[in-house]
Amino acid sequence: MSTKKILVISNTPFFGGGEQFIVSTLSLLPNINYYIVNNDTLAGNLPSKQVFRFSRHTFIGQLKEVRRINNQIRPDCIIFNGGNSLFWAPFIHCGHKILYRHTTNLCINNTLKRLIYNILLHISYLFADIIVHVSKAAYKEQILFKRKATVIYHGINPISYRFKSIESPIKFLFVGRTEPDKGIDIIVQAFSKVPKNLATLDIVGTGKSASWLESLSYANIKYHGFSEQTNFWYDSADVFISLPRHEAFGLTILEAMNHSLPIITNSVGGIPEIAQNGVNAIFVNRSIDSIYAAILYFCQHPDQIILMGEKSYEICTQQFSLDQTLTNIERIL
């Protein structure tokens with residue numbers, strides 16, 4: 001790497017896919033020297049001597065903090081890692097600016113707000129050297145300055161394949177932010193129709209729906225809250241389910257595939273670039289009846305859990321190598 005000093009900025013207050021990316025990928029690069037972060041879990045998983053913490057909560061207040069730290073350490077390169085940090089690019093002076101975008105325009109539900117958001121994004125693109133999108137679907141949303149843009153898929157370290165014996169009840173798993181945009185409400189509604197002797201659902205994560213999930217009293221649905229031991233839950237499951245309203249990539253889906261799990265999901269954003277309908281996944285339309293039918297299919301065809309799980313592992317290990325992701329990031333640095 002020719003760059004000598006790199007600063008990563010993440011002002012997202014929760015621990016989502018972009019923050020997991022910093023821990024699992026960016027922190028592996030030897031030339032990344034400093035981080036400015038806004039999340040306790042993220043800070044706790046990074047070298048403490050290299051981490052600055054945001055003390056302010058407003059856009060302007062945090063921008064002032066970034067400018068102060070930037071002037072103090074004078075990095076050769078800044079990676080603006082998603083969230084509102086992308087909009088700071090015009091106001092920060094640095095030799096090399098990389099905007100790493102982990103989301104999609106569709107995260108803004110209001111049409112007018114989405115238009116304003118997209119305009120502000122493109123103003124930020126003007127001041128960037130490179131814009132990284134995590135899927136082709138997200139890349140297509142960029143209209144101008146395409147010569148600066150590239151697609152780098154998230155990668156993952158493959159674990160050893162382990163054959164699973166399938167027993168009733170079938171164990172389904174949701175991992176992610178527990179909020180309606182991730183589909184947790186309709187997943188629970190679909191599972192409430194499933195007899196407890198057929199299938200169970202473990203929910204791991206936290207978010208807006210946490211209090212509601214804690215109040216549930218279904219015998220076959222268990223909410224576990226946030227956990228850093230996600231590998232345990234993937235290993236314990238038979239089928240992974242995630243139904244986001246919008247998704248630029250789908251990192252939890254890739255993690256589940258690494259653990260040889262078949263997927264129930266929907267065809268939005270970058271998900272069809274990872275999972276393949278009818279091969280390792282069943283795509284549904286986010287209706288309760290459609291979800292219920294997919295759940296029932298796996299309960300009635302446990303052999304497909306094994307076969308589609310094998311395909312998940314094959315796709316993950318052959319197409320989404322962490323080494324390749326790191327190589328691509330080093331290239332742009």
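Below or above, wherever it landed, is the structure these notes cover. Note that the structure is a prediction, hence the values are computed from the model and not measured. (Residues numbered from 1 in each chain as written. Predicted model: local features only at pLDDT ≥ 70, side-chain atom pairs only at ≥ 80, totals over all residues. Heavy atoms only, no water.)

Where strands meet in a sheet, backbone hydrogen bonds hold them as pairs that are either parallel or antiparallel. Taken in spatial order, the seven strands make up an open sheet running β3-β2-β1-β4-β5-β6-β7, and their pairing is parallel. Strands with a single pairing partner mark the edges of an open sheet, and in this sheet they are β3 (51–53) and β7 (149–151). With strand direction ignored, the average angle separating the axes of adjacent strands in the sheet is 20°. Sheet analysis places strand β1 (residues 6–10) next to strand β2 (residues 32–37), joined by five bridges and oriented parallel. Opposite Ile 9, over in β2, you have Ile 36 as the bridge partner. The strands touched by helix α4 (residues 111–126) within the sheet are β5 (96–101) and β6 (130–133), with β5 carrying the most contacts at an inclination of about 150°. Along the sheet, helix α12 (residues 322–332) makes contact with β5, β6 and β7, crossing β5 at roughly 145°. (Pairing = 2+ DSSP bridges. Helix = DSSP H or I, 4+ residues; strand = E, 2+ residues; numbered from the N terminus. Axes fitted to C-alpha atoms, helices over the stretch in contact; angles between N-to-C directions. Contact = heavy atoms within 4.5 Å.)

Relative to the elements of secondary structure, Glu 141 occurs in the loop between α5 (136–139) and β7. Not counting chain neighbours up to four residues away, the residues in contact with Glu 141 comprise Arg 101, Thr 104, Asn 105, Leu 106, Asn 118 and His 122.

A full pass over the atoms with the stated rule returns one cavity of 30 Å³ or more. Of the voids in this model, the largest cavity is the one considered here, and its volume is about 80 Å³. Considering the residues around the largest cavity, the lining is formed by Tyr 161, Arg 162, Phe 163, Lys 164, Ile 166, Asp 238, Ser 260, Ile 305, Ile 306, Gly 309 and Glu 310. Considered class by class, the residues forming the lining of the largest cavity number five nonpolar, two polar and four charged. (1 Å grid on protein atoms, 1.4 Å probe; cavity = no way out; pocket = protein on both sides within 12 Å on 5 of 7 lines; lining within 4 Å. Points joined across faces, edges and corners; volume = space filled by probe spheres on them. Nonpolar A, V, L, I, M, F, W, Y, C, P; charged D, E, K, R; others polar.)

Our next topic: the environment of Arg 245. Relative to the assigned elements, Arg 245 resides in the loop between β11 (239–241) and α9 (251–258). Apart from residues no more than four positions distant in its own chain, Arg 245 is found in contact with Asn 109, Pro 180, Asp 181, Val 268 and Arg 286. In terms of polar contacts, Arg 245 uses its side chain to reach the side chain of Asp 181, at 2.3 Å. (Polar contact = N/O pair within 3.5 Å; in protein donor to acceptor, adjacent residues only side chain to side chain.)

If you check helix α11 (residues 302–319), its first and last C-alpha atoms are 26 Å apart, about what 18 residues at 1.5 Å a residue would give, namely 26 Å. Listed as buried for α11 are Ile 305, Met 308, Gly 309, Ser 312, Tyr 313, Ile 315 and Cys 316. Axial view of α11: buried residues confined to an arc of 165°, hence all on one face. Those residues of α11 that are buried are in contact with β8 (170–175), β11, α9, β12 (263–265), β13 (281–283) and α10 (288–300). (Expected span 1.5 Å × (residues − 1). Buried < 20%, exposed > 50% of the residue type's maximum accessible area, 1.4 Å probe, protein only. Arc of directions from axis to C-beta.)

With that settled, consider the environment of Pro 302. Following the sequence through the fold, Pro 302 ends up in helix α11. Sequence separation between Pro 302 and Asn 118 is 184 residues, and the spatial gap between their C-alpha atoms is 45 Å.

Note that all results are geometric; they support no functional claim without further evidence.
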